[in-house]
Amino acid sequence: TLADVLIGLLRPSKGTMMVVGRPLADRDLTGWRRTTGYVPQDGFLFHDTVRENLRWARPEATDADMWRAHEHAEAADFIRARPEGLDTVVGDRGLRLSGGERQRLALARALLIDPALLVLDEATSSLDSANEQLILDAVHQLTDPVTTVIITHRLAAIRHADVIHVMEGGRLVESGSWPEL
């Protein structure tokens, strides 16, 4: 629910969502969604090429834009290792890729839009620790003006967060840094 509110799919039942000190109005939602990257637990991929899966997020993206996003998402190496490169067909729902490769490709797609807000919603929960670390390293290397929200049950994913908000039953119960909590 929190992720859906943050990316503008749901409106809060109480209160107001503020963006840069202003309430997010209905007329601003389309623009907000265009500046928000989202990586869910199971990033959906089409039975198409790597290139076309990224173009879904930004149709006018050049190959250079895509490679830049792949570099930021720690996905460039595994794509370059395949003879077809960006023309590699990923299979139905990305079946021809490992779970970590699928998630890094989903992250690259989210980063391709140069998001102001990046929401990772349990994006590493089904990955082994090595692939989780690749995703987290990629996210930690992002610089301003990207605000990153990581929604997770795995403590390793939030160890280096600036602020951690603990929610229980849909309510905020605790906030602070890792050492404070």
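All values reported here derive from a predicted model rather than from experimental measurement.

Student: Teacher, can you tell me more about the side chain of threonine 49 here?
Tutor: Looking at where threonine 49 falls in the secondary structure, it is placed in the loop between strand 3 (36-39) and helix 3 (50-55). Contacts of threonine 49, omitting those with residues within four sequence positions, involve Leu86, Asp87, Thr88 and Val89.

Student: Any chance you could explain the packing of helix 4 (residues 63-72) against helix 6 (residues 99-112) here in plain terms?
Tutor: Between two packed helices, the angle of one axis relative to the other and the distance separating the axes together describe the packing. Remark: helix 4 packs on helix 6, axes separated minimally by 8 Å, with the N-to-C direction vectors making an angle of 125°. Judged by the inter-axis angle, helix 4 sits oblique to helix 6. Helix 6 is crossed by helix 4, and the crossing has right-handed handedness. Side by side, helix 4 and helix 6 meet where Asp65, Met66, Ala69, His70 and His72 of the first sit next to Leu105, Ala108, Leu111 and Leu112 of the second. Grouping the amino acids of the contact of helix 4 with helix 6 by side-chain chemistry returns 6 nonpolar, 2 polar and 1 charged.

Student: Quick question: what am I supposed to make of the sheet that holds strand 5 (residues 147-151) here?
Tutor: Strands belonging to one sheet form pairs held by backbone hydrogen bonds; the direction of such a pair is parallel or antiparallel. The 3 strands lie next to each other as 3-4-5, forming an open sheet whose pairing is parallel. The open sheet has two edge strands, strand 3 and strand 5, and neither has a second partner. Strand-to-strand twist in this sheet, taken as the mean axis angle between neighbours without regard to direction, amounts to 15°. Here strand 4 (residues 117-121) runs beside strand 5; their pairing, made up of 5 bridges, is parallel. In the sheet register, leucine 117 faces strand 5, and the bridge partner there is threonine 147. Contacts from helix 6 reach strand 3 and strand 4 within the one sheet, and its direction differs from that of strand 3 by about 170°.

Student: Would you explain the environment of glycine 37 in this entry?
Tutor: Examined against the element boundaries, glycine 37 turns out to sit in strand 3. Separated by 71 residues in sequence, glycine 37 and alanine 108 have C-alpha atoms that sit 9.6 Å apart. Once residues lying within four places of it in the same chain are set aside, the contact partners of glycine 37 are Ala110, Ile113, Pro115, Leu117, Leu118 and Val119.

Student: Any chance you could explain helix 6 here in plain terms?
Tutor: A turn of α-helix holds 3.6 residues, and therefore any two residues three or four places apart point the same way. The end-to-end C-alpha distance of helix 6 is 20 Å, a good match for the 20 Å that 14 residues give at a rise of 1.5 Å each. Burial analysis of helix 6 places 12 of its 14 residues in the buried class, the great majority of the element. If you follow the buried residues of helix 6, they end up packed against strand 3, helix 3, helix 4, helix 5 (76-80), strand 4 and helix 7 (129-140). At the C-terminal side of helix 6, aspartate 114 shows a positive phi close to 50°.

Student: Quick question: what am I supposed to make of a nonpolar patch on the surface here?
Tutor: A contiguous nonpolar surface patch, about 280 Å² in accessible area, is contributed by Leu2, Met167 and Leu172. Take methionine 167: it is sitting in strand 6 (residues 164-168). A relative accessible area of 44% places methionine 167 in the partly exposed class.

Student: Sorry if this is basic, but what is going on with the pattern of salt bridges here?
Tutor: Note on pairing: side chains with opposite charge can pair once their charged atoms come close. Summed over the entire model, instances satisfying the criterion amount to 11 salt bridges. The salt bridge involving arginine 51 is made with aspartate 87; its shortest N-O contact spans 2.2 Å. Of this pair, arginine 51 sits in helix 3 while aspartate 87 sits in the loop between helix 5 and helix 6; the two residues are 36 residues apart in sequence, bridging distant segments of the chain. Since its relative accessible area comes to 14%, arginine 51 is described here as buried. When salt bridges with common partners are traced through the structure, they connect Arg58, Glu60, Asp65 and Arg68 into a single cluster.

Criteria and cut-off values
- Residues numbered from 1 in each chain as written.
- Predicted model: local features only at pLDDT ≥ 70, side-chain atom pairs only at ≥ 80, totals over all residues.
- Heavy atoms only, no water.
- Helix = DSSP H or I, 4+ residues; strand = E, 2+ residues; numbered from the N terminus.
- Contact = heavy atoms within 4.5 Å.
- Axes fitted to C-alpha atoms, helices over the stretch in contact; angles between N-to-C directions.
- Parallel < 35°, antiparallel > 145°, perpendicular 65-115°, else oblique.
- Left-handed = near helix turned anticlockwise from the far one by under 90°.
- Nonpolar A, V, L, I, M, F, W, Y, C, P; charged D, E, K, R; others polar.
- Pairing = 2+ DSSP bridges.
- Expected span 1.5 Å × (residues − 1).
- Buried < 20%, exposed > 50% of the residue type's maximum accessible area, 1.4 Å probe, protein only.
- Patch = residues over 30% accessible without salt bridge, like charges linked within 9 Å, V, L, I, M, F, W, Y side chains within 5 Å.
- Areas by Shrake-Rupley, 256 points an atom, 1.4 Å probe, with all protein chains shown as cover.
- Salt bridge = Lys/Arg side-chain N within 4 Å of Asp/Glu carboxyl O.

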